[in-house]
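Residue-level listing of the chains:
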Amino acid sequence: MKLKKQVTVCGAAIFCVAVFSLYLMLDRVQHDPTRHQSGGNFPRAERRPSFLSVSPQDCQFALGGKGQSPDLQMLAVYSLLPFDNQDGGVWKQGFDITYEPNEWDAEPLQVFVVPHSHNDPGWIKTFDKYYYDQTQHILNSMVLKMQEDPRRRFIWSEISFFSKWWDNISAQKRAAVRRLVGNGQLEMVTGGWVMPDEANSHYFAMIDQLIEGHQWLEKNIGVTPRSGWAVDPFGYSSTMPYLLKRSNLTGMLIQRVHYSIKKHFAATQNLEFMWRQTWDPDASTDIFCHMMPFYSYDVPHTCGPDPKICCQFDFKRLPGGRINCPWKVPPRAITDANVAERAQLLLDQYRKKSKLYRSKVLLVPLGDDFRYDKPQEWDAQFLNYQRIFDFLNSQPNLHVQAQFGTLSDYFDALYKKMGIVPGMKPPGFPVLTGDFFSYADREDHYWTGYYTSRPFYKSLDRVLEAHLRGAEILYSLALAHARRAGADGRYPLSDYSLLSNARRNLGLFQHHDAIAGTAKEAVAVDYGVRLLHSLTNLKRVIINAAHYLVLGDRDAYRHDPAAPFLSTDDTRPNQDSLPERTVVKLDTSPRFLVVFNPLEQEVLVDSPHVRVLSEEGQPLPSQLSAHWGSATDMVPDVYQVRGALVPLPASILSLHSPCPLNPPATVKSSVRLYLHGRDLPVRKQEAVPVHVFPATADDFCLENQHLQACFSGHSGLLQRIRQAGEERGQRVSSEFLVYGTRRSPLCSANWGRWGRAMGQPWLPHCLPAGVEGLSLDVSCLVDIRDHINKELALRFSTDIESDDTFFTDLNGFQVSSSLGRGSSHPWGTVPGRWDPLSAGQLEVILDRRLMQDDNRGLGQGLKDNKRTCNRFRLLLEHRATANKALVMPVAQEKPAPPALRSFVPLSTTLPCDFHILNLRMLQAEDDSLPSAEAALILHRKGFDCSLEAKNLGFNCTTSQGKLALGSLFQGLELGSLQPTSLTLMYPLGTASNSTNIHLDPMEIATFRIRLG
């Protein structure tokens, strides 16, 4: 069984998040000589007014209070428990369980033993190594052994492994698998590409890997998963039950929950509950959840409370095998002579376990990591258990019915016993809201270090995710336009295979030992190579799609893979390299940029004499800065051009290098460099003025029209933030700290300041940042490779009176309220850890390095640190007491003629609270080609109008959740529209001629569409 533990007390790492604003560089573009030129060859683009208007009706969501209060609110449960870890006897983390022998006389106990094998797609070995060494043998034996007895059952969850195996088996074996699934012997549980981590994964990737797995199952086996199985993620987010519910699953199982929570729920018979979203007013998100009660999902901890006894019924551990029972009492093969005694001993454990639940139906998992990889184990487990079942079932006085079952067999029996249909709330069962972070398996061993571990790869995950979403949308739109124009024969349809491969590599990395950073070093490298390979391929997909979409004359489109029309703005030489920015070489001819989905953009050029022109040929506000190689060195002949770009999905801009005698319309930055008494050489460039100050004790401030940030003249660290209209501002001081480890290999306890010997990381603060410069951009280049057993933390201390309550993001999907000081929590928008230490304090863990193993099965420390760019934004928001509408009109500009070259995919602006999560082409019969249909996935955000907002620069209003899809895509017709479950497995209602839809706040909806 896989084990792990935490080595830190608090944390939160934030990384270079790729808000997808990729720009692509055109080399020398031929322009239409007949077109009007005003400082450059540009199409005309419509300038939309800038405003944000949120109707009061669209803010009611944030007020809450509409739905019935849950029976169990995890915030209240955490505040109730003492977390005292008292010795519970044979069930060390629980209590003694007693029962009366006649309790089942009126209603017999029904036991479902569920054989399973947990296959990690990478942990100690790489994905491929596990497959060839173990997984293929498990699945091959499964087909053979399951056919020997129709009473046998087995469940499987990791479709990444299953699909690889499927590609390598015969048609005869495939037919046997379909028969096993069809007759209920084999169940595919959850059906995702992996069993994802739920702390670090973003909801886009969580959904994407679920769709990938479900679509594979539907196409190859024709099965739709009904139940969720998550025995190994290290804590559970409330986002996952929502995604499973919207995928039409009716039940789910979880295991790794803090032992004190398990004990409390077991004592109150609340281990099974309806899991509801905190924002749900009508119970529409409820899904039935079963929580396993004991320490682990291995056999010694699943039959009942006493692992010494349960281990005797793990028949892989029979004497003579490679593993045995740590409690020194081995299993015994079941014979006619001992079956009565052995069955009674096991039944006692079953009865005690059943006392922790509300029904007379009992679930008993039977498996562990990579179990059933040899035919001998199949025989040992199934033959011995069948002898026990036959005996129990032949004794009416025992009042028990035992059998092998699947997860859904168990849920179906429970629903039947309760007299309800699947998915309904069983009478008397509680409703729960909240999440199950953070997880501890014993004592104070909190599993929170993985929120931070290997931040470089966590960052690369977000970069790949952003590129995948951009590539999916651009490919879908380019292909739809090409098909409409009859040009799909000239468009590279084969790019679909690159998309498919990237989906699967991103999905693989959501595995709970991949993005979590808990695999061996060689496995992490294997993941990194896969991520980089897909990132490179996605840039090719984007280049090809952008090439077609921005051409003025698309009839002239020709795809030449040997000579790409565009080149990308950065490159990564290796899987562990930070991106290297492309420097645009300027001369007398303009250089053109295709900019996709920009907010604010930086371009590196080789000349200080540069100006940026819009599509109308008008100068864009921009600033010329030095490009810094270190804190005191400017990179020679490289300059940074920064400015707010035209917010169109695919715009064309030009960079001009005017004659030095012709002053460019570009403002040069002014730099002040404080050396704090250190005698350091400074490399300057004449084009950018730099003022060097040997030392200063005075604080200094940077400001824009919205924000002023003040820094310590002594340390350069943040001290205060003042927003426009405020007199004093908010104290927001920052400092760097380190955590060490305590001598016993448990978790870190000692911490202190970064000393001189360790050096201080470079912490540039950049303004403006965020939307219209409302937030402070904080970035750090972190490298702790020369340190031992340390964690680097950045602490913010404010005078905000937060008391014990704070809020944490879950998977970038929702915000959860939490309680308590000194505990770590995941940050989902950007993977990492953060810790509220005391009122008004927040701590961000940037990286961690451990030299020894943590006794959880990995067998090595965490020593493969990389230079990692950490970037996040600090935003202060004031909450008003009264709810109100947001209406912020901005003066309109006169519209310009329609665009000729920039690509505008939507005919109208989406409502402010609607987000296109993905536009994903679906697979054709040929796996490498797209079909004529796509999945449109929409997410309606939940707005809170009690936050006092400034001008956010949006061009939108809200519409009470209504959206007309029929005319949404400019230049394309919506041929068909079918609402479906989240992963497209179930149609929701009948297809309608109406293309108007409605979404409630926070809901995610999927539509099967055909564009043409």
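Rules behind the numbers
- Residues numbered from 1 in each chain as written.
- Predicted model: local features only at pLDDT ≥ 70, side-chain atom pairs only at ≥ 80, totals over all residues.
- Heavy atoms only, no water.
- Salt bridge = Lys/Arg side-chain N within 4 Å of Asp/Glu carboxyl O.
- Helix = DSSP H or I, 4+ residues; strand = E, 2+ residues; numbered from the N terminus.
- Buried < 20%, exposed > 50% of the residue type's maximum accessible area, 1.4 Å probe, protein only.
- Pairing = 2+ DSSP bridges.
- Axes fitted to C-alpha atoms, helices over the stretch in contact; angles between N-to-C directions.
- Contact = heavy atoms within 4.5 Å.
- Disulfide = S-S within 2.5 Å.
- Parallel < 35°, antiparallel > 145°, perpendicular 65-115°, else oblique.
- Nonpolar A, V, L, I, M, F, W, Y, C, P; charged D, E, K, R; others polar.
- Expected span 1.5 Å × (residues − 1).
- Core = buried A, V, L, I, M, F, W, Y, C linked by side-chain atoms within 4.5 Å.
- Left-handed = near helix turned anticlockwise from the far one by under 90°.

J.: What exactly am I supposed to notice about the pattern of salt bridges here?
T.: In the structure shown here, the tally under the stated rule is 47 salt bridges. E107 serves as the salt-bridge partner of K417, at 3.7 Å between the closest nitrogen and oxygen. In this pair, K417 sits in helix α12 (residues 407–418) while E107 sits in the loop between α2 (74–80) and β4 (109–118), placing the two residues 310 residues apart along the sequence. The class for K417 is partly exposed, based on a relative accessible area of 31%. Residues R873 and D777 are paired through a salt bridge, measuring 3.5 Å at the closest nitrogen-oxygen approach. Of the two residues, R873 sits in strand β40 (residues 868–874) while D777 sits in strand β33 (residues 775–782), which places them 96 residues apart along the sequence. For R873, a relative accessible area of 40% gives the class partly exposed. On the basis of relative accessible area, D777 is assigned to the buried category, the value being 2%. Among the charged side chains, a salt-bridge network with shared partners connects D314, K316, R317, R371 and E377.

J.: Quick question: what am I supposed to make of the sheet that holds strand β10 (residues 287–291) here?
T.: Hydrogen bonds along the backbone pair up the strands of a sheet, which may run parallel or antiparallel. With mixed pairing, the six strands of this open sheet are ordered in space as β3-β13-β9-β10-β8-β7. The open sheet is flanked by β3 (72–73) and β7 (227–230), the only strands paired with a single partner.

J.: Please explain the sheet that holds strand β43 (residues 930–940) as it appears in this structure.
T.: The sheet built from four strands is open, its strands ordered β42-β43-β48-β46 with antiparallel pairing. Two strands lie at the open edges of the sheet, namely β42 (914–923) and β46 (974–980), each paired on one side alone. Going from strand to strand, the sheet's axes swing by 25° on average, the running direction of each strand aside. In terms of strand pairing, β43 meets strand β48 (residues 1004–1011) through six bridges, oriented antiparallel. Paired with L938 across the strands is A1005, a residue of β48. Where helix α13 (residues 455–484) meets the sheet, it contacts β42, β43 and β48, and its direction lies at approximately 65° from that of β42. Seen against the sheet, helix α14 (residues 495–509) touches β42 and β43 and runs at an angle of roughly 115° to β42.

J.: Where do I start with the state of the cysteines in this structure?
T.: Here is the idea: a disulfide is a covalent bond, and it sits between the sulfur atoms of two cysteines. One pass over the structure, following the stated rule, counts three disulfides. Bridging C303 to C310, the disulfide has an S-S length of 1.9 Å. What sets the handedness of the C303 and C310 disulfide is the S-S torsion sign, and at about -90° it is left-handed. Residues C303 and C310 agree in their burial class; the two are buried. Here C701 connects covalently by a disulfide to C710, the sulfurs 2.0 Å from one another. Because the torsion about its S-S bond is 100°, the bridge between C701 and C710 counts as right-handed. According to the relative accessible area criterion, C710 is buried, its value standing at 12%. Note on C780: no disulfide assigned, nearest cysteine sulfur contributed by C869 at a separation of 8.4 Å.

J.: I would appreciate a short explanation of the packing of helix α4 (residues 159–166) against helix α5 (residues 171–182) in the present structure.
T.: Each pair of packed helices can be described by the angle between their axes along with the distance between the axes. In contact at an axis separation of 11 Å, α4 and α5 are set at 140° when each is read in the N-to-C sense. Comparing their axes, α5 and α4 come out oblique. Along the contact surface, α4 presents F162, W165 and W166, while α5 presents K173, R174, V177 and R178. Taken together, the residues of the contact of α4 with α5 sort by class into four nonpolar, no polar and three charged.

J.: What should I look at first to understand helix α10 (residues 339–354) in this one?
T.: The periodicity of an α-helix, 3.6 residues per turn, causes residues three or four positions apart to be oriented the same way. Between the first and last C-alpha of α10 there are 22 Å, a value that for 16 residues agrees with the 22 Å anticipated at 1.5 Å per step. The complete set of buried residues in α10 reads V339, R342, A343, L346, L347, Q349, Y350, R351, K353 and S354. Contact partners of the buried residues in α10: β4, α9 (307–310), β11 (361–369), α11 (375–393) and β12 (400–404).

J.: What exactly am I supposed to notice about unusual backbone geometry here?
T.: In this structure, S438 follows F437 across a cis peptide bond, with omega equal to 0°. Backbone geometry places H399, a non-glycine residue, at a positive phi of 55°. A positive phi is found at R454, a non-glycine position, where the angle reads about 50°.

J.: Hey, could you run me through the nonpolar core in this one?
T.: Nonpolar side chains tend to gather and get buried jointly when the protein is soluble and globular. The biggest cluster of nonpolar side chains holds 199 residues, and the ones touching the most others in it are F162, F265, Y350 and F436. If you tally residues by element for this core, the top one is α13, at 15 residues. For F265, the residues in contact, after removing those within four places along its chain, are L72, M74, V77, N270, L271, F273, M291, L432 and F436. Core analysis: the next-biggest nonpolar cluster, separate from the first, contains 22 residues, V584, L624, A626 and M634 among them.

J.: Quick question: what am I supposed to make of the pairing of β4 here?
T.: Along a regular strand, successive side chains alternate from one face of the sheet to the other. A large share of β4 lies buried, amounting to nine of its 10 residues. Sheet analysis places β4 next to β12, joined by five bridges and oriented parallel. Bridging from a neighbouring strand, V113 pairs with F404 of β12. In the sheet, β4 pairs with β11 via nine bridges, with the strands oriented parallel. When the bridges of β11 are listed, V113 appears paired with V364.

J.: Whenever I open this one, helix α15 (residues 521–550) confuses me. Can you help?
T.: Here α15 is 30 residues long and its end C-alpha atoms lie 43 Å apart, about the 44 Å a rise of 1.5 Å per residue gives. Across the 30 residues of α15, 22 count as buried, placing the element largely inside the fold.

J.: Whenever I open this one, the packing of helix α3 (residues 127–146) against α5 confuses me. Can you help?
T.: Viewed as axis vectors pointing N to C, α3 and α5 meet at an angle of 65°, and their least axial separation amounts to 10 Å. Viewed along their axes, α3 and α5 form a crossing whose handedness is left-handed. Every residue of α5 that contacts α3 at N140, M142, V143 and M146 is listed here: K173, A176, V177 and L180. Taken together, the residues that form the contact of α3 with α5 break down as six nonpolar, one polar and one charged.

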